[in-house]
Amino acid sequence: MEKENMMTALMDLDNAAMLDCIVESAREAAGKIPVFAKTGNGCIRVTMVPLCQRADEWLGGGSKCDDAGFILDVCEYERVYKISPTGSHTILYTCDDEHVEPVNCYGYSALKTAYASRLRKFGFQRRDDKEAIESGYFCEENGWSTHFGSTVMTVSYVNSNTDEHADLMRIYICVSGAESHEDHACASFAMMKLIQFFTQSSENFKCVVFNAGEEPK
């Protein structure tokens, strides 16, 4: 039998099946959250960032690379779904003074993923991000949300038989529309199922979830 390599491992992966795994798992978890179960409103955002040319080709081939395969201009791929196929990205949020405002979770999920990306980039846990805590700059008006609900992992290919070792992609899963800790629970469940999707496809896929700190109570 021909030895598996990164190319064959990626070719054996079904991109659409990966997305189905994420969305179905997030919806399964959301079905246990009362507000999601009642309205079906809210958002599931999947953001995929290729880290090498082969992974970019698997994701769609939108990045620009040099002759050596180094990515010069990265294309970040996103897929966005509603909590329920019949729901809406917009929720009705009850404020502290009991008045109700429409909140668009399509946009808000992007703000949460932007902040999760900052934490991963600098290796911060939330409690250690002193600039964000003290400055007040990392707010919704500036394109960030420090609320929980966006998780990220790095997928690598490591094969000791072929000496191949490459970081393939980062995948963010964000859920928005319920309480912060409920969004976090849904996104984390979907990430757990996604790890199983990769590792069941090949033992050479390695998945590392970035630890951004404790889930809020």
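For the structure, see preceding data.
A brief structural summary. Everything numeric here is computed off the predicted structure, so don't read it as measured data.

**Quick word on the environment of K82**
Then, in step 1: Locating K82 in the fold gives a position in strand 4 (residues 77-82).
Then, in step 2: Distance from K82 to Y106, taken between C-alpha atoms, is 8.5 Å for residues 24 residues apart in sequence.
Then, in step 3: If we ignore the near neighbours within four places in the chain, the residues touching K82 are R27, G42, I44, G87, S88 and H89.
Then, in step 4: Only 3.2 Å separates the side chain of K82 from the backbone oxygen of P85, close enough to count as a polar contact.

**Things to note about the pattern of salt bridges**
Then, in step 1: Counted under the stated rule, the structure contains five salt bridges.
Then, in step 2: One salt bridge connects D129 with R118, and the closest N-O pair in it is separated by 2.8 Å. With D129 in the loop between helix 5 (105-122) and helix 6 (130-135) and R118 in helix 5, the pair connects residues that are 11 residues apart, well separated along the chain.
Then, in step 3: By relative accessible area, which is 1% here, D129 ends up buried.
Then, in step 4: Residue class for R118 comes out buried when judged on its relative accessible area of 9%.

**Some remarks on the nonpolar core**
Then, in step 1: Ranked by internal contacts, the top residues of the largest apolar core, which has 42 residues, are M18, V155, L168, I171, L194 and F198.
Then, in step 2: Sorting the residues of this core by element identifies helix 1 (6-11), helix 2 (15-30), strand 1 (43-50), helix 4 (53-59), strand 7 (150-159), strand 8 (164-176), helix 7 (180-201) and strand 9 (205-209) as the ones contributing at least two each.
Then, in step 3: When residues in this core are grouped by element, the largest group, eight residues, is from helix 2.
Then, in step 4: Of all hydrophobic cores here, the second largest spans five residues; its members include L119, A132, F138 and A212.

Analysis parameters
- Residues numbered from 1 in each chain as written.
- Predicted model: local features only at pLDDT ≥ 70, side-chain atom pairs only at ≥ 80, totals over all residues.
- Heavy atoms only, no water.
- Helix = DSSP H or I, 4+ residues; strand = E, 2+ residues; numbered from the N terminus.
- Contact = heavy atoms within 4.5 Å.
- Polar contact = N/O pair within 3.5 Å; in protein donor to acceptor, adjacent residues only side chain to side chain.
- Salt bridge = Lys/Arg side-chain N within 4 Å of Asp/Glu carboxyl O.
- Buried < 20%, exposed > 50% of the residue type's maximum accessible area, 1.4 Å probe, protein only.
- Core = buried A, V, L, I, M, F, W, Y, C linked by side-chain atoms within 4.5 Å.

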